Number of protein chains: 4
Amino acid sequence: MAHETYASCIAACNACADACDHCATACLQENDVKMMARCIALDIDCAAICRLAAGAMARGSENAKAICALCADICQRCGDECAQHKHDHCQQCAQACRRCAEECRRMAAM
Amino acid sequence: MAHETYASCIAACNACADACDHCATACLQENDVKMMARCIALDIDCAAICRLAAGAMARGSENAKAICALCADICQRCGDECAQHKHDHCQQCAQACRRCAEECRRMAAM
Amino acid sequence: MAHETYASCIAACNACADACDHCATACLQENDVKMMARCIALDIDCAAICRLAAGAMARGSENAKAICALCADICQRCGDECAQHKHDHCQQCAQACRRCAEECRRMAAM
Amino acid sequence: MAHETYASCIAACNACADACDHCATACLQENDVKMMARCIALDIDCAAICRLAAGAMARGSENAKAICALCADICQRCGDECAQHKHDHCQQCAQACRRCAEECRRMAAM
């Protein structure tokens with residue numbers, strides 16, 4: 001079944017969405033919040049597309065590959081931004097984003 | 001501001017999401033529901049990506065064009081399926097999908 | 001049909017989601033972004049529940065009233081926060097939130 | 001941090017959303033799909049509120065408890081419906097829903 005075939009990609013999407021949501025809030029509480037504006041904006045986008053992608057895979061959607069291809073791009077962009085900030089939540093989010101980008105690219109190429 | 005530049009595309013996305021959500025439920029109440037399975041599945045995908053796209057545009061996201069390009073493809077696919085069914089909700093949904101696909105393609109090409 | 005009965009509440013939810021999404025981004029670009037942190041956080045919540053509520057109403061969901069009751073509370077809270085800031089996007093968002101709270105309360109009491 | 005305090009409830013929400021999304025698609029492929037209409041409709045609602053709740057908790061939102069209280073009710077309703085059907089995906093979904101309802105009630109009462 002779709003939700004099993006895609007299990008590791010769904011897990012990566014859920015983990016990435018959670019990390020992005022957490023990072024967005026943590027960024028808002030930093031002293032240098034102005035410097036974090038792009039990070040927050042990308043976190044919001046990335047959490048949204050990751051949750052959409054997880055749902056599409058769990059439904060075995062015929063659009064799942066196309067959605068994962070876009071998700072990979074957005075995760076990559078978010079991970080690259082997060083990686084530039086020293087905060088723990090940004091570093092952890094960067095890792096989750098890059099892992100999710102990799103999983104989504106593999107899924108899109110299946 | 002972004003939400004004004006994109007106002008007509010946002011409106012098309014919101015209208016398409018509402019039409020798809022309504023069509024999904026109406027399909028589930030048809031006697032020939034088995035024949036409507038792909039329509040329902042595409043309605044769910046299409047409503048989800050349309051609401052995501054509306055949000056991304058309203059936020060003036062740097063990912064908005066890429067999201068709209070994918071949204072256009074999913075709307076097209078959903079509209080093509082809906083157009084094959086005679087039910088009023090399907091015909092109305094097909095129109096909303098095609099209008100949204102057109103708006104999203106224009107937005108993605110801006 | 002559900003999507004017609006609820007048309008004005010769905011429209012209010014879509015408008016409120018768009019206003020909140022726009023306000024969140026605009027707040028992130030303000031000089032006093034640190035002061036806007038709660039506004040941004042509430043905008044994110046409010047946009048999400050408004051889009052969920054619009055979908056539930058468009059689907060004629062049996063959970064629509066309960067979702068609208070919660071949506072009204074979150075809109076109220078977001079509108080009250082936005083109203084305290086002088087920025088145009090906050091004032092406009094406050095109006096959209098309060099109108100949506102009112103529509104959702106009416107819908108929940110139907 | 002919020003996303004750690006709520007980790008088990010977030011995990012339950014993600015698992016329940018995935019199970020509901022999978023169940024919706026699997027129900028659409030059953031021969032007795034007409035009998036599954038309410039199950040499908042509740043699966044769609046439940047997946048949506050579970051993903052919203054996971055995000056709210058990961059953001060440490062001040063609305064997280066209220067969202068989890070509603071999520072518990074919708075999970076309960078969806079789980080009760082799923083439990084009435086013999087299909088494996090329904091039985092598995094019922095379990096995920098009930099576990100999520102329990103976690104969400106605990107979270108709402110914190």
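Everything below is about the structure shown above.
These notes cover the structure that comes with them.

Quick notes on the rules
- Residues numbered from 1 in each chain as written.
- Chains lettered and ligands numbered in written order.
- Predicted model: local features only at pLDDT ≥ 70, side-chain atom pairs only at ≥ 80, totals over all residues.
- Heavy atoms only, no water.
- Axes fitted to C-alpha atoms, helices over the stretch in contact; angles between N-to-C directions.
- Helix = DSSP H or I, 4+ residues; strand = E, 2+ residues; numbered from the N terminus.
- Parallel < 35°, antiparallel > 145°, perpendicular 65-115°, else oblique.
- Left-handed = near helix turned anticlockwise from the far one by under 90°.
- Nonpolar A, V, L, I, M, F, W, Y, C, P; charged D, E, K, R; others polar.
- Least-squares fit on C-alpha atoms with pLDDT ≥ 70 in both.
- Contact = heavy atoms within 4.5 Å.
- Buried area = accessible area lost by both parts, 1.4 Å probe.
- Salt bridge = Lys/Arg side-chain N within 4 Å of Asp/Glu carboxyl O.
- Polar contact = N/O pair within 3.5 Å; in protein donor to acceptor, adjacent residues only side chain to side chain.

**Some thoughts on the packing of helix H4 (residues 64-83) of chain B against helix H5 (residues 88-108) of chain B**
Residue and element names in this part refer to chain B.
- For the pair H4 and H5, interaxial distance at closest approach is 7 Å and the crossing angle is 155 degrees. With respect to H5, the axis of H4 lies roughly antiparallel. Note that H4 runs across H5; the crossing there is left-handed.
- The residue inventory of the contact of H4 with H5, partitioned by class, reads 18 nonpolar, three polar and four charged.

**Here we look at the relation of the copies chain C and chain D**
- Take chain C, turn it by 180 degrees, move it 0.0 Å along the axis, and it overlays chain D with an RMSD of 0.0 Å. With respect to symmetry, the two chain copies, as superposed, fit the operation of a two-fold axis. In terms of C-alpha distance to the rotation axis, chain C has Leu 70 of chain C as its closest residue, with the C-alpha 3.9 Å off the axis.
- The residues that chain C uses at the interface reappear at the interface of chain D in 100% of cases, marking a shared surface.

**Quick word on the interface of chain A and chain D**
- Counting from both sides, the interface comprises 13 residues of chain A and, opposite them, 13 residues of chain D.
- Taking both sides of the interface into account, the surface hidden between chain A and chain D amounts to around 1400 Å²; carbon and sulfur atoms contribute 53%.
- Looking at the side of chain A facing chain D, the largest losses of area belong to His 22, Arg 51 and Arg 59 of chain A, adding up to 36% of the total buried there.
- At the boundary of chain A with chain D, the tally comes to two salt bridges.
- Linking Asp 21 of chain A and Arg 59 of chain D is a salt bridge whose minimum nitrogen-to-oxygen distance equals 3.3 Å.
- Taken together, chain A and chain D are joined by eight residue pairs in polar contact (both at pLDDT 80 or more).
- Among the secondary structure elements, those contributing two or more residues to the side of chain A that touches chain D are helix H2 (7-28) and helix H3 (37-58) of chain A.

**Some remarks on the interface of chain C and chain D**
- The partner chain D presents 16 residues to the 16 residues of chain C that form the contact.
- With both chains or domains summed, chain C and chain D bury close to 1500 Å², and 54% of this area falls on carbon and sulfur atoms.
- The largest per-residue losses of area from chain C upon contact with chain D belong to Asp 45, Glu 62 and Asn 63 of chain C, which jointly make up 35% of the total buried on that side.
- Run the count over chain C and chain D and you get six salt bridges.
- Across the pair Arg 77 of chain C and Glu 62 of chain D runs a salt bridge, and its minimum N-O distance is 2.8 Å.
- At the junction of chain C with chain D, the criterion picks out 12 residue pairs in polar contact (both at pLDDT 80 or more).

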